[in-house]
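This is what each chain is made of:
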Amino acid sequence: MKKTVFLGALTVAAIAAGAASAATLDDVKARGKLNCGVVTGLVGFGAPDANGRWEGFDVSVCRAVAAAVLGDPDAVEFVPTTGKTRFTALASGEIDLLARNTTWTFSRDVDLKFEFVGVNYYDGQGFLVRKDLGVSSAKELDGATVCIQTGTTTELNLADFFRANNMSYDPVPIETNAEGQQQYLAGACDAYTTDASGLAATRATFEDPAAHVILPEIISKEPLGPLVRHGDQEWGDIARWTLNALIAAEELGVTSANIDELASGTENPEINRLLGTEGSLGEMLGLDAEWAKRAIKANGNYGEIFAKTIGESTPVGLARGLNAQWKDGGILYVPPFR
Amino acid sequence: MTTLTDPAKGAFRLSMLIYDSRYRSITIQIIALIAVLTLIGWLISNTASNLADLGKQPSFGFLGEAAGYDINQRLIDYQNQDTHLRAAFVGVLNTLLVAAMGCVTATIIGVFVGVLRLSKNWVVARLMTLYVETFRNVPVLLWIVFTMAVLIETLPAPNQFRGATPEATMLLGDTVALTNRGFYVPEPLFSRSIGDIHLFGASPLRFDVSLDLIAVLATLIASFLIASLITRRADRIQAATGVRPRTWHWRLAVIVLPLAALLAGLGFYLGHPALKGFNFQGGVYMRNSLIALWLALSLYTAAFIAEIVRAGILAISKGQTEAAAALGLRPRRVMSLVILPQALRVIIPPLISQYLNLTKNSSLAIAVGYMDITGTLMGITLNQTGRELETILIGMLIYLTISLTISFVMNVYNDAVKLRER
């Protein structure tokens, strides 16, 4: 008995010792699987479909990175994380990449020792209320009961917003989106607040989405993006440029339909460099030449992923808005592949 | 014929540490101690070096920074610009609140069920068995979540109390509202309040104590002391003359009259909850997270306490019951005067563990969003500051302190009731 406890403690200690090693790329390759932290279930962004296969906007980032590094978009071990557990999971090495609508903030980047590799969705915090509540502005929510996911930036924004407007509220902390949905629908809270995209995704799953309205006020900037641990720049570069490749592909008109044709060589040198027929960008990353081609082929380019998972033709129904290419009036602007 | 000789003294060889039974056990203990200390030292240095690699030096400075988040249930004043330490203190008080409420309720239900389970009434005894087995054999987390879901899904939302023909109505003459956000009950208020005492000035641990409450408690304690003096006087008279004077009206008067006078003096009245804006305002607001946690923890722990009480009663030999019955005591008096006082000796030690269990299980509060110490310090503060090691260490220390305190108090009580051998 005592021996078992002792050996158990040793194992735990050994695991703890192994966690902080630096070369994530080697670990992932040796494992043959990418451990990717995702949401516990948010339609459009990350949720298992009817066949149990993870699908969604954030999930596509995981698949693209897995395709770039391991050559297989399905070589991903999805680790569902809550707002509370996500950072510990990443810091401890349980996951290699966190793609879970996480807001890029100063303190998370600097103090929590993470590295945000880019922004895949520019968002802001909003409020979802029932239409029959008769509220048309967030400024009318004085005294309301508000459901909120704990451990998020929204929690702090909410406190700031109500303090700045000299209003009171009653926060009901919840752990997951599903729990918030249950409480909100039962009327245990008047309003549900999180990122506007998340609200749209949640509303899409309601029986009667038209009975609920997202209030016009967006009370914060929420640039959501994937992140990795601080201190492994090579791995951070791979994640960053995989995301950039997806966005650049849309800008350059590379789609999952024409990528095989374009990969045999084009007139446009930037496309050639992106797809590996010219230059040695893949080698610089420590990958092969076709890394970006595989990443784009996994789910299509950024625009295709957006349209397929959360775009206007889906139940979530989000417009591109800020998330359009810079040429189309949005703010997606990736550095050149050179 | 053999002769026994002592081993030669003074000739100590190193091998004797292993082969000589006089030294062997000491050798083994020293080796084990060194191994354990090395392991602990290695764990600490490993943690420290890993944290240093991550660039996160352990520091408790975050406790003095503004928390930035709001806490819905607080027994003391708190707003989001207070420090993390203050937020942690709010959490500790919430933990203590639910633990205290839970321990009291669990004990009452547990003793009741434990005694009834031994009832000669077949139906009652079986019902109690059913209760004990259902609650004991389902994880407490499920009970907490289940209770919460029942409260949320079955009770009406506040806006259903609205309108000319509301779907839901308040109970007890419009004084109590049961909603799916919690229960609103009347609150005691004083129109001629004598104010509060402010303890600890402006520090993060400051808190206010109502002087009205202290006055009421002091009056009650004094009343009960006088009432017990009256009882003792009656005992003396009974012992001397054999006739027990009637005292209940005196005792009642001693308890009720001073309290009534005090409440009248302070201008006591009840503040009723009323629907204003989005929610009910006024009255005492018991959140459904508190109620769910309290009910589930109490009912769950009560099932264990019931078994402890039953075991305690069964441990008293049947001869005691028969002897008491032979003296002419009624069954209820036999239980309260003869069996329970003796059973307490068997009951108290395992009861301490149940109190500790309940207190520690209260950390499951996070499942229903009850802001205890796990929810504030080890939940939101941990997440917002990224200080995993520090917050968890403080949290563990707090639970340890609470548990050891409960243990100490209960052990003192145990010493008071345990069998004194003469």
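Residues numbered from 1 in each chain as written. Chains lettered and ligands numbered in written order. Predicted model: local features only at pLDDT ≥ 70, side-chain atom pairs only at ≥ 80, totals over all residues.

Student: Kindly report on the overall build of chain B, identifying the contributing residues and their values.
Tutor: The helix and strand inventory of chain B stands at 12 helices and 9 strands. Against the compact-globule benchmark of 22 Å for 422 residues, chain B has a radius of gyration of 29 Å, which places it well outside the compact range. Seen through its principal axes, chain B has C-alpha atoms that stretch 100 × 75 × 45 Å. Across chain B, every contact between residues at least 6 apart in sequence was considered, and the portion connecting residues at least 24 apart equals 65%. (Helix = DSSP H or I, 4+ residues; strand = E, 2+ residues; numbered from the N terminus. Rg over C-alpha atoms; globule rule 2.2 N^0.38 Å. Contact = placed C-beta atoms within 7 Å.)

Student: Lay out the overall build of chain A with the relevant residues and their values.
Tutor: The helix and strand tally for chain A stands at 14 helices and 13 strands. Against the globule reference of 20 Å for 338 residues, chain A gives a C-alpha radius of gyration of 21 Å, in line with a compact fold. For chain A, the C-alpha atoms occupy an extent of roughly 65 × 60 × 40 Å along the three principal directions. In chain A, of all internal contacts separated by at least 6 residues, the share reaching a separation of at least 24 is 73%.

Student: So what's going on with the domain arrangement of chain A? Residues and values would help.
Tutor: Domain parsing of chain A yields domain 1 (23–122 + 223–328) and domain 2 (125–220). For domain 1 of chain A versus domain 2 of chain A, the separation of C-alpha centres amounts to 29 Å. (Domains from an automatic or database assignment.)

Student: Run through the interface of chain B and chain A, naming residues and quoting values.
Tutor: On the side of chain A, 33 residues touch chain B, which itself brings 32 residues to the contact. Counting residues per element, the ones that place at least two in the side of chain B that touches chain A are α2 (21–54), α5 (140–154) and α11 (373–385) of chain B. Ranked by residues supplied to the side of chain B that touches chain A, first place goes to α2 of chain B with 6 residues. Looking at side-chain class alone, the side of chain B that touches chain A contains 10 nonpolar, 16 polar and 6 charged residues. (Nonpolar A, V, L, I, M, F, W, Y, C, P; charged D, E, K, R; others polar.)

Student: Now, about the sheet that holds strand β9 (residues 284–287) of chain B: what can you tell me, with residues and values included?
Tutor: Residue and element names in this part refer to chain B. Taken in spatial order, the 3 strands of this open sheet run β1-β2-β9, and their pairing is antiparallel. Looking at the sheet topology across the chains shown, the edges are occupied by β1 (177–179) and β9. Taken pair by pair, the neighbouring strands of this sheet meet at an average axis angle of 15°, ignoring direction. Across 4 bridges, the pairing between strand β2 (residues 182–185) and β9 is antiparallel. Opposite phenylalanine 183, over in β9, you have methionine 286 as the bridge partner. Relative to the sheet, helix α8 (residues 288–314) contacts β2 and β9, its axis offset from that of β9 by approximately 60°. (Pairing = 2+ DSSP bridges. Axes fitted to C-alpha atoms, helices over the stretch in contact; angles between N-to-C directions.)

Student: Quick rundown of the confidence of the model for chain B? Include the residues and the values.
Tutor: Across chain B, the average pLDDT comes to 87, with 97% of residues at 70 or higher. Confidence metrics for the complex model read pTM 0.79 and ipTM 0.75. (pLDDT = per-residue confidence, 0-100.)

Student: Outline the sheet that holds strand β11 (residues 191–195) of chain A, listing residues and values.
Tutor: Residues and elements named next belong to chain A. As summarised here, the arrangement of the 5 strands in space is β10-β9-β11-β8-β12, forming an open sheet in which the pairing is mixed. Edge positions in the open sheet fall to β10 (169–174) and β12 (212–214), since each of these has one partner strand only. Here the average twist between neighbouring strands, direction ignored, is 30°. Direction of pairing for strand β9 (residues 144–149) relative to β10: parallel, over a ladder of 6 bridges. In the strand pairing of β10, isoleucine 148 is matched with proline 173. Taken strand by strand, helix α8 (residues 196–204) contacts β8 (125–130), β11 and β12, and its axis lies near 125° from that of β11.

Student: Report on the environment of serine 210 of chain B, specifying residues and quantitative values.
Tutor: Residues and elements named next belong to chain B. Relative to the helices and strands, serine 210 is located in strand β5 (residues 207–210). A tally of 14 C-beta atoms within 10 Å means that serine 210 is categorised as partly exposed. Distance in space between the C-alpha atoms of serine 210 and isoleucine 194 is 8.2 Å, their sequence separation being 16 residues. (Buried ≥ 20, exposed ≤ 12 C-beta atoms within 10 Å, placed from the backbone.)

Student: Outline the packing of helix α3 (residues 57–70) of chain A against helix α13 (residues 291–299) of chain A, supporting the account with residue identities and numerical values.
Tutor: Each pair of packed helices can be described by the angle between their axes along with the distance between the axes. Residues and elements named next belong to chain A. Orientation of α3 relative to α13, taken along the N-to-C sense of each, is 145°, at an axis distance of 7 Å. Relative to α13, α3 is oriented so that their crossing is right-handed. Residues Ser60, Arg63, Ala64, Ala67 and Ala68 of α3 pack against Trp291, Ala292, Arg294, Ala295, Lys297, Ala298 and Asn299 of α13. Classifying every residue of the contact of α3 with α13 by side-chain character gives 7 nonpolar, 2 polar and 3 charged. (Left-handed = near helix turned anticlockwise from the far one by under 90°.)

Student: Summarise the nonpolar core; cite the residues concerned and give the values.
Tutor: Of all hydrophobic cores here, the largest spans 164 residues; its most connected members are Cys62 and Val65 of chain A together with Leu293 of chain B. Looking at this core, you find at least three residues from each of domain 1 (23–122 + 223–328) and domain 2 (125–220) of chain A. (Core = buried A, V, L, I, M, F, W, Y, C linked by C-beta atoms within 7 Å.)

Student: How would you explain the environment of threonine 154 of chain A if you had to name every residue and give the values?
Tutor: All names here are of chain A. Looking at the element boundaries, threonine 154 is found in helix α6 (residues 153–164). Each C-alpha atom of the pair threonine 154 and isoleucine 174 lies 12 Å from the other, and the pair is 20 residues apart in sequence. Excluding its chain neighbours within four sequence positions, the residues that come into contact with threonine 154 are Gln125, Ile148, Gln149, Thr193 and Thr194.

Student: Can you tell me about the environment of isoleucine 238 of chain A, naming the residues and giving the values?
Tutor: Residue and element names in this part refer to chain A. Mapped onto the elements of the fold, isoleucine 238 is located in helix α9 (residues 233–252). With 25 C-beta atoms packed within 10 Å, isoleucine 238 lands in the buried category. For the pair isoleucine 238 and alanine 307, spaced 69 residues apart in the sequence, the C-alpha separation amounts to 24 Å. Beyond its immediate sequence surroundings of up to four residues, isoleucine 238 is in contact with Leu25, Val65, Ala68, Val69, Leu285 and Leu287.

Student: Describe helix α4 (residues 122–136) of chain B, with residues and values.
Tutor: Residues and elements named next belong to chain B. With 15 residues, α4 ought to run about 21 Å at 1.5 Å a step, and its terminal C-alpha atoms sit 21 Å apart, in line with that. Met128, Val132 and Phe135 are the residues of α4 that are buried. The buried residues of α4 all sit within an arc of 80° when viewed along its axis, so they share a single face. Exposed residues on α4 whose side chains face more than 90 degrees from its buried face are Trp122, Val123, Arg126, Leu130, Glu133 and Thr134. Along its buried surface, α4 packs onto α3 (84–116) and α8. (Expected span 1.5 Å × (residues − 1). Arc of directions from axis to C-beta.)

Student: Account for helix α6 (residues 211–241) of chain B, with residues named and values stated.
Tutor: The first and last C-alpha atoms of α6 of chain B sit 45 Å apart over 31 residues, in line with the 45 Å expected at 1.5 Å per residue. Just downstream of α6 of chain B lies glycine 242 of chain B, where phi reads positive at about 85°.

Student: Pulling in residues and values, what's your account of the confidence of the model for chain A?
Tutor: When pLDDT is averaged along chain A, the result is 87; 93% of the residues meet or exceed 70. Of the regions scoring below 50 in pLDDT, residues 1–21 of chain A engages in 11 contacts with residues more than four places distant in sequence or in other chains.

Student: I'd love a proper account of unusual backbone geometry, names of residues and values included.
Tutor: Residue and element names in this part refer to chain A. With phi around 65°, lysine 113 is a residue other than glycine that occupies positive phi space. Looking at the secondary structure, you find lysine 113 in the loop between α5 (106–110) and β6 (114–116). Overall, lysine 113 belongs to the partly exposed group, with 19 C-beta atoms counted inside 10 Å.

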